[in-house]
Amino acid sequence: MLGVLSFILPLTLWSAISYAPFLWHPLVEITDPGDVSYFSAGMRAPADAFAEEVEAMTAAGQAPPRGVPANPVYLPAPHEVAIALWHAATPAADAREEFRLSSSLWHSIQIIFWAFLISSAVGVPLGILCGSFSAVGRLTEPFIEFFRYLPAPAFGALAVAVLGIYDAPKIAIVVIGTFFQQVLIIATTTRRVEYALLEAAQTLGARNLKLVRRVVVPAILPDLYNDQRILLGWAWTYLIVAELVGTSSGITFFITQQARYQHFENVYAAILVLGIVGFGSDLLLAWLGRWLFPWKRTSA
Amino acid sequence: MSDPSAIEHQVAARLDRLNAREAILDVRGLVKTVPHGTSERTILNNVHLKVRRREFLCVVGPSGCGKSTLIRTIAGLEEAQGGDILVDGKPVHGPGPDRAMVFQGYTLFPWLTVLGNVMFGLQMANKPKDEAAREARQWLDLVGLEPYADAYPHHLSGGMKQRVAIARALAIQPRILLMDEPFSALDARTRARMQAYLIDIWRKIDVTIVFITHDLDEALLLADRVLVLKTNPGEVVELMDVPALPGARDLDSPALKAALIRLEGFIHAQEQAQAAEDEPVTPIVRLAPIKDGID
Ligand SMILES: Nc1ncnc2c1ncn2[C@@H]1O[C@H](COP(=O)(O)OP(=O)(O)OP(=O)(O)O)[C@@H](O)[C@H]1O
Ligand SMILES: [Mg+2]
C-alpha cells in the first residue's frame, strides 16, 4: 500500500503545481496580445513584465493584453504528457520512423539486448570461474578492477573509429560499461556459496569442474539471477550515453529532437517510458525469479 | 537383561570379535596444526586410533578439543601436518567415496529434490540416471522417506532432513560413515527417534560409524567404544568400551551408570583444569550486605 502511495505523492505534487493557478505559475500565457507590439498569442511572458504592460497600456488608453497564469514550457501538465504517451502508443501512420517514440524505444531495447547478451556470455562464466578457482581470480581480477574505473563513455571515439558509426559502437559502450562490473559482482556472489554445501559435495565425490557445474552454479543461480537484474538496470544507464555516440539514435535521439522543438511533453513521455520499461521489466524478472527458484525464499 | 553377568559375557565376547577384525580406519600419530599469529597452534597432537569393521565409535570431549577437526581430517576435508590416516590400509589423500559424512548443519542441496539429493553421489560416480534413481529410492526406503522422494528439502522437518542426509551419505556405499554431531540441532524426542533409526540402519548394512557428540548419554546409547579427547592440544585420553550390547539400551542399568560416571570423570577433570588455566579467579564482591532483610 505504501508502495502505491510512494507513486501517488509525487504525482499529486506535480498535478497541484500544474493545475492550481496560485501555486508557482511564474509566467502568463498570453491569449490576446492587445496593443503590446512584442506580445503574441500563445507566448509566455514573466508575470511582472505582463503586469507592467497591462498598467502601461491602460494608462495610455490602449487595449491591454490578456492572459492566464502559466508554468514554463519545460513543465508540462500531467494530462499533456498523458496525451503524448497515448500518441506514442498509437502512432499516426504517416509519422516518420525516427520520430516515433515506439520505434525509437524498440531500437534502444535491441541495443540493450545485444549488449547484455554479449557481456553476459563472457562475463557470467568468467565471474563464476574467478569465484571458484582462486588462481583464475588472481590472474584476471586486478586488471578488471583497474579497467572498471575507466569510464565507458571515454571509449566512445575509439569505438566509432573501430566499429563505425551505427549500432556496433553503441553496443560496445554498453558492453564496456557492464562487463567489468559483471565479472566482479558474479565472482563475489560465487565466493558467497555456502562452504558446507561444497564440502558435502566433495565428500560425495564432486571435483573441480563437476563441482562448479553441479553445485556452485545451481547454488548461486538465484543470487546470480538477481545480480543480472541489477546489472541490466546499469546497462540502461549506459544506453543513454551510448546512443549519443556516432549517429545519435534510439530513445536518446528522440528526446534530443523533441527537446529541440520544445515538445517537452514528448520528452517527459519518453523519460517516463524509459522508467516504465526499466521498472516494469525488473518487476517482471523479480516475479519470474520467485517462480523459477521456489526453494529460495528471497528477502528481496 | 535378567542376568548382568551373562550380558557382561556377551559384551566381552562381542568386543573380542570386534578386535579380531581388521582395522578399517587406522589413524597413526595424527598431528594437526593451524597458523596462529607468527607461530603455530597444535589442535590435534599424536592421535592414535584404530576402528574395526562395523564398529560404532563415538568421539566425545570438551568443546573446542578438536573433535570436528579430527573427523574432517579423516574425511579428507583438511590436511594433516603429520601422521597417517589409513582406510582399509590405504592412505587418505582428500575426500573419497570410501568415507561419507553427515554434518551437524543441514547440508542438503536446496535446489534438488529429496531423491535428487540422494542420487547426487551416485551420479558423481557416473551411474546412469535411471539406475541412480532406482538405488536412491532403495536408500530412501531404508530411512523411511520414500514417500517424500519428490519433495524439496525446505519442506522437511529437521529430523527428516538428517535422515535424507544419512541416506545420501550411505548411497555411495562408504566403508566409513563420519557423523559430526548430526542430531544436536534436533529436539529431544526427535533425537531419540533418530538414534533408534541410526542403530537400526547400522545393524542392517555393512558400515563402520565414527560419530561425534557432546552428549555422553548419546555416546553410551549408540557406541561400542567411546573415544575421549582432551583440549589444548587435542589428545586421546581414553578409549572406553561400552558395557552393553547394541540395540535398545537402558541408561539406568548399573553398568551404563557406572560408565557414565567414568566418562563424566574424564571430561569434568579436564574442564576444571581448563577453567583454572583460562580464567584468573575473580573474587566475588558483594554489592549488598547479606543481612539486608530481603530473605
Ligand atoms: N582452520 C582453523 N584455524 C584456526 N583455528 C581452528 C581451525 N579449525 C579449528 N580451529 C580451532 O581448533 C580447535 C578445535 O576445533 P574443533 O571445531 O575441531 O573443536 P570441536 O571439538 O569440534 O568443538 P565443538 O564441540 O565446539 O564442536 C578450536 O579451538 C578451534 O578454534
Ligand atoms: Mg565440532
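What you are looking at is a predicted structure, and each value in this text was computed from that prediction instead of being measured.

What about the overall build of chain B?
Next, step 1: Looking only at helices and strands, chain B features eight helices and 10 strands.
Next, step 2: For chain B, the spread of C-alpha atoms along the principal axes amounts to about 75 × 60 × 50 Å.
Next, step 3: Of all 295 residues assigned to chain B, the portion counted as buried reaches 49%.
Next, step 4: The long-range share in chain B, meaning contacts at least 24 apart out of those at least 6 apart in sequence, stands at 70%.
Next, step 5: Element-wise, carbon and sulfur atoms account for 52% of the exposed surface of chain B, whose accessible area totals about 14,500 Å².
Next, step 6: The averaged location of the 39 negative side-chain charges in chain B is 4 Å from the averaged location of its 34 positive side-chain charges.

Topic: the pairing of strand β2 (residues 39-52) of chain B
Residues and elements named next belong to chain B.
Next, step 1: Strand direction decides the pairing type here: strand β1 (residues 23-36) and β2, joined by 10 bridges, are antiparallel. Residue pairing for β2: Thr33 is matched across the bridge by Thr42.
Next, step 2: Hairpin remark: β1 followed by β2, antiparallel, with two residues in the connecting loop; positive phi at Gly37, about 65°.

With respect to the packing of aromatic side chains
Each aromatic ring pair is summarised here by two numbers: the centre-to-centre distance and the angle between the ring planes.
Next, step 1: A complete count under the given rule lists 15 aromatic pairs over all chains for this structure.
Next, step 2: Ring centres of A:Phe113 and A:Trp114 lie 5.2 Å apart, and the angle between their planes is 80°; on these two criteria the pair is classed as edge-to-face.
Next, step 3: Note on A:Phe113: relative accessible area 46%, which makes it partly exposed.
Next, step 4: Taking the centre distance of 5.6 Å and the plane angle of 15° together, the rings of A:Phe147 and A:Phe155 count as stacked. When sorted by exposure, A:Phe147 lands in the same class as A:Phe155, which is buried.
Next, step 5: By way of ring pairs, the aromatic residues A:Phe143, A:Phe146, A:Phe147, A:Phe155, A:Phe179 and A:Phe180 are connected into one cluster.
Next, step 6: If you follow B:Arg168 out to its NZ or CZ, it ends over the ring of B:Phe109, 4.8 Å from the centre.

What about the interface of chain A and chain B?
Next, step 1: Counting residues at the interface gives 19 residues for chain A and 21 residues for chain B.
Next, step 2: Together, the buried faces of chain A and chain B total about 2,000 Å²; carbon and sulfur atoms form 67% of this surface.
Next, step 3: Area buried by chain A at its contact with chain B is led by A:Thr203, A:Leu204 and A:Trp295, which between them contribute 36% of it.
Next, step 4: At the boundary of chain A and chain B, one finds one salt bridge.
Next, step 5: Taking the shortest distance from any N to any O, the salt bridge between B:Arg72 and A:Glu199 comes out at 2.7 Å.
Next, step 6: The interface formed by chain A and chain B holds five residue pairs in polar contact (both at pLDDT 80 or more) in total.

Focus on the side chain of A:Gln228
Next, step 1: Here A:Gln228 shows up in helix α9 (residues 208-242).
Next, step 2: Dropping the residues within four chain positions of it, A:Gln228 is found in contact with A:Phe116, A:Ser120, A:Val124, A:Gln182 and A:Ile186.

Focus: helix α4 (residues 129-142) of chain B
Residue pairs three or four apart in sequence face the same way in an α-helix, which turns once every 3.6 residues.
Residue and element names in this part refer to chain B.
Next, step 1: In this model, α4 (14 residues) spans 20 Å end to end at C-alpha, consistent with the 20 Å of a helix rising 1.5 Å per residue.
Next, step 2: Among all positions in α4, only Ala132, Ala133, Glu135, Ala136, Trp139 and Leu140 are buried.
Next, step 3: Its buried side turned inward, α4 meets α3 (114-124) and α5 (158-171).
Next, step 4: Where α4 terminates, the next one or two residues include Gly144, which has phi positive at roughly 75°.

Considering the state of the cysteines
Residues and elements named next belong to chain B.
Next, step 1: Applying the stated criterion across every chain, the model contains zero disulfides over all chains.
Next, step 2: Unpaired in this structure, Cys58 has its nearest cysteine sulfur neighbour in Cys65, at a distance of 13 Å.
Next, step 3: Residue Cys58 is classed as buried on the basis of its relative accessible area, which comes to 0%.

Considerations on the pattern of salt bridges
Next, step 1: Under the counting rule described, the total for this entry stands at 22 salt bridges over all chains.
Next, step 2: Where B:Arg28 meets B:Asp26, a salt bridge forms, and the shortest distance between an N and an O atom there is 3.1 Å.
Next, step 3: One salt bridge in this structure joins B:Arg137 and B:Glu146, with 3.2 Å as the shortest N-O distance.
Next, step 4: Relative accessible area serves as the criterion here: at 32%, B:Arg137 is assigned to the partly exposed category.
Next, step 5: Since its relative accessible area comes to 27%, B:Glu146 is described here as partly exposed.
Next, step 6: Within the structure, one salt-bridge network assembled from shared partners comprises A:Glu199, B:Lys32, B:Arg72 and B:Glu78.

Structural notes on the UniProt feature "domain: ABC transporter" (unreviewed entry) in chain B
Next, step 1: Annotation from UniProt places "domain: ABC transporter" (unreviewed entry) at residues 25-256 of chain B.
Next, step 2: End C-alpha atoms of residues 25-256 of chain B are separated by 26 Å, and the span's content is 32% helix alongside 28% strand.

Observations concerning the sheet that holds strand β3 (residues 56-60) of chain B
Residue and element names in this part refer to chain B.
Next, step 1: Spatial strand order, β6-β7-β8-β3-β9-β10: six strands in an open sheet with mixed pairing. At either end of the open sheet lies a strand with only one pairing partner, and these are β6 (99-102) and β10 (235-241). On average, each strand axis in the sheet is tilted by 20° relative to the strand beside it, whichever way the strands run.
Next, step 2: Pairing of β6 with strand β7 (residues 176-180) involves four bridges; the strand directions are parallel. Residue pairing for β7: Arg99 is matched across the bridge by Ile176.

What to know about the site of ligand 1
All names here are of chain B.
Next, step 1: Every residue near ligand 1 is listed here: Val34, Arg41, Ile43, Ser63, Gly64, Cys65, Gly66, Lys67, Ser68, Thr69 and Glu181.
Next, step 2: Within the contact set of ligand 1, an oxygen atom lies 2.8 Å away from a backbone nitrogen or oxygen of Gly64.
Next, step 3: Those elements giving two or more residues to the shell around ligand 1 turn out to be β2 and α2 (67-75).
Next, step 4: Here the shell around ligand 1 gets three residues from one element, more than from any other, and that element is α2.

Conventions and cut-offs
Residues numbered from 1 in each chain as written. Chains lettered and ligands numbered in written order. Predicted model: local features only at pLDDT ≥ 70, side-chain atom pairs only at ≥ 80, totals over all residues. Heavy atoms only, no water. Helix = DSSP H or I, 4+ residues; strand = E, 2+ residues; numbered from the N terminus. Buried < 20%, exposed > 50% of the residue type's maximum accessible area, 1.4 Å probe, protein only. Contact = heavy atoms within 4.5 Å. Areas by Shrake-Rupley, 256 points an atom, 1.4 Å probe, with all protein chains shown as cover. Lys, Arg positive; Asp, Glu negative; His and termini not counted. Charge placed at Lys NZ, Arg CZ, Asp CG, Glu CD. Pairing = 2+ DSSP bridges. Phe/Tyr/Trp six-rings, centres within 6.5 Å; stacked < 30°, edge-to-face > 60°. Lys NZ or Arg CZ within 6 Å of the ring centre and 35° of its normal. Buried area = accessible area lost by both parts, 1.4 Å probe. Salt bridge = Lys/Arg side-chain N within 4 Å of Asp/Glu carboxyl O. Polar contact = N/O pair within 3.5 Å; in protein donor to acceptor, adjacent residues only side chain to side chain. Expected span 1.5 Å × (residues − 1). Disulfide = S-S within 2.5 Å. UniProt positions renumbered as here; feature names shortened; annotations may be inferred. Axes fitted to C-alpha atoms, helices over the stretch in contact; angles between N-to-C directions. Near = heavy atom within 4 Å.

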